[in-house]
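Below, each chain spelled out in residue letters.
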Amino acid sequence: MKRIIFLLLIACSTLTAFADSSADQPKRPEKVIANLNTIIELHGHKAGQSFAINRNPNTNIIESSEKIATFSCFTYDASFETIAESFMADEPLCYQILHMVPGNKEVFKLKVVTNEGSKTIVLRSKKEQEMWLMCTKNPENPQLRDAYAIVWEEMGDDDVNFEVEGTVYMITSLRPDIYEKSAESNKRMFKIEGRVDANIADSLYNIYIADSRDALYALDDDDYVACVPVVNKRFEFQTELDHPMVGRLRCIFPDGSLCSAWIDLDFVPGETYRITVHNGYYDEDRDYERRVGRQSGRSLLVTDSPRVVVADTLNVNSERTADNEMDNWLKTISPEQKMRFEMKGKVLESDMEALQGIYEQVGEQFSEAQDFNKKMGIEGAGNAWTPHFDSLYEQIVTLNKKMDADIQDFLKEAKAAHIPSSGLIKLIGNILGEAYSEQNKKLTVMLLADPSKKGKKAQKYVQKLTEKYMEEMNKLVDEPKW
């Protein structure tokens, strides 16, 4: 019962579950793995193989591994003939793929980073060699990179039986982009690296930049600083910044019209934001949000970032002092009051679970649409089937009205029991940070697929509630502390 007042915080945390409901989890390139393993099994040199694996002694989780094997075979061997086919079949699962043909003089090295340091493995050392390389995120640990490569050289002179000799590499290590920044990287450079699905590869992206959220929202549609094309299902933007700013990423459809929804994010010098855009939703770099975005508490997009009210610029008690005040206050309230807090907390938890169920339905409809379009072989944003959410938008508004009333009831009970100001600030901050900011994100995704009037109404209502609780918290922060 010691922490009964923070049942709302526990309930709010359940809402984070639907943050990943529509996200695609990383998958292994099974065709590439099977192909390379077959080559090793059938044609590998037993004396030319090396294998190593390192696990965390406390968790038993793999931190790095290497499997390197030399081989020789003929070009007409079945496993060798399917190399290109397997790599291209698994291409959608990777974030880097590279094919180098004989005649290219470039030497290729792979950087391998572990907790013990880093090293470089030379994969391709001669212009006579051909190479395929694929890098993917490790499905069990997104901090790791799985690299699969095969390099070979034709050795025979026979016009019929060309013999090749080569090496297979299957390496898991820490992602260099996270754990080792190049000394040559420009610390003032901010980058956006994007991937898009094949059926929306003919779109463009407008980039907007401003010094603050208010300045960003004051920009007109034509006030963009760059219009970035999609090339080979990828787009990229970079600019040098002297200080953190805010920006917007907005899609332009093939007919020239602007998408009714967009993505606002913090533009931070020295950082790279990565995003994968699907037909109607997107997967973003959640670690970026944790480092520098809304989840970090340092975001300039303050509407969805209530945690900034506990920043150094505000004269409020520290986190530890707030917890001590709450501990002392909880000792003064009666068992009857604690019971009422618990009951009201369970009501709010029920509200959160109901909203979570709605957004899980959204994820299911996205998956169904994606499976249908794939099954039917539909390509092109104009032809693909997209889900419609009008009934869900209505339910979201209804549930948020109920949750708002229940939050007010809970806060009224807390104020009547003379909860410390620091505890009330923390409580409302968690309501904003976990409940409403997550909903704003989910509604933005939904509006990308179904920008209906009911959808815009639902988003406007949730934003109105966000501003309502932000104002209430700011009043508490600005109260004199004497």
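Preceding this paragraph is the structure being described.
Rules of the game
- Residues numbered from 1 in each chain as written.
- Predicted model: local features only at pLDDT ≥ 70, side-chain atom pairs only at ≥ 80, totals over all residues.
- Heavy atoms only, no water.
- Helix = DSSP H or I, 4+ residues; strand = E, 2+ residues; numbered from the N terminus.
- Expected span 1.5 Å × (residues − 1).
- Buried < 20%, exposed > 50% of the residue type's maximum accessible area, 1.4 Å probe, protein only.
- Arc of directions from axis to C-beta.
- Core = buried A, V, L, I, M, F, W, Y, C linked by side-chain atoms within 4.5 Å.
- Contact = heavy atoms within 4.5 Å.
- Phe/Tyr/Trp six-rings, centres within 6.5 Å; stacked < 30°, edge-to-face > 60°.
- Lys NZ or Arg CZ within 6 Å of the ring centre and 35° of its normal.

**A few points about helix 2 (residues 30-43)**
Okay, so step 1: The end-to-end C-alpha separation of helix 2 is 20 Å, in line with the 20 Å expected for 14 residues at 1.5 Å each.
Okay, so step 2: Of the positions making up helix 2, those classed as buried are Val32, Ile33, Asn35, Leu36, Ile39, Ile40 and His43. Each buried residue of helix 2 lies within a common arc of 165° when the element is viewed along its axis, so the set occupies one face. Facing away from the buried side of helix 2 by more than 90 degrees, the exposed set consists of Glu41 and Leu42.

**Some details on the nonpolar core**
Okay, so step 1: In this structure, Ile207, Phe235 and Phe267 are the most contacted members of the largest nonpolar core, which totals 75 residues.
Okay, so step 2: If one sorts the elements of this core by residue count, helix 11 (residues 421-449) sits on top with 13 residues.
Okay, so step 3: Filtering out sequence-adjacent residues up to four positions away, phenylalanine 235 remains in contact with Ile192, Glu193, Gly194, Arg195, Val196, Tyr205, Val228, Pro229, Val230, Leu249, Ile275 and Val277.
Okay, so step 4: Listed in part, the 20 residues of the second largest apolar core include Ile39, Ala69, Phe71 and Met170.

**Section: the environment of tyrosine 436**
Okay, so step 1: The topology assignment puts tyrosine 436 in helix 11.
Okay, so step 2: For the pair formed by tyrosine 436 and threonine 466, sequence separation is 30 residues and the distance between their alpha carbons is 6.0 Å.
Okay, so step 3: Those residues in contact with tyrosine 436, other than ones at most four positions away along the chain, are Asn400, Met403, Asp404, Ile407, Ile431, Val462, Leu465, Thr466 and Tyr469.

**Some remarks on the packing of aromatic side chains**
Okay, so step 1: By the definition in use, this model includes 8 aromatic pairs.
Okay, so step 2: Between phenylalanine 80 and tryptophan 152, the ring centres sit 4.9 Å apart and the planes meet at 75°, which makes this aromatic pair edge-to-face. In this pair, phenylalanine 80 sits in helix 3 (residues 78-81) while tryptophan 152 sits in strand 7 (residues 144-154), placing the two residues 72 residues apart along the sequence. By the burial criterion, phenylalanine 80 is buried, and tryptophan 152 matches it.
Okay, so step 3: With a centroid separation of 5.2 Å and an interplanar angle of 70°, the aromatic rings of tyrosine 273 and tyrosine 288 are classed as edge-to-face. With tyrosine 273 in strand 15 (residues 272-277) and tyrosine 288 in helix 7 (residues 286-291), this pair connects stretches of sequence that are 15 residues apart. Across the pair, exposure class does not vary: tyrosine 273 and tyrosine 288 are buried alike.
Okay, so step 4: Its end group placed over the ring of tyrosine 217, arginine 213 keeps NZ or CZ at 4.4 Å from the ring centre.
Okay, so step 5: When the ring centre of tyrosine 217 is taken as origin, the NZ or CZ atom of arginine 248, which lies over that ring, is 5.0 Å away.

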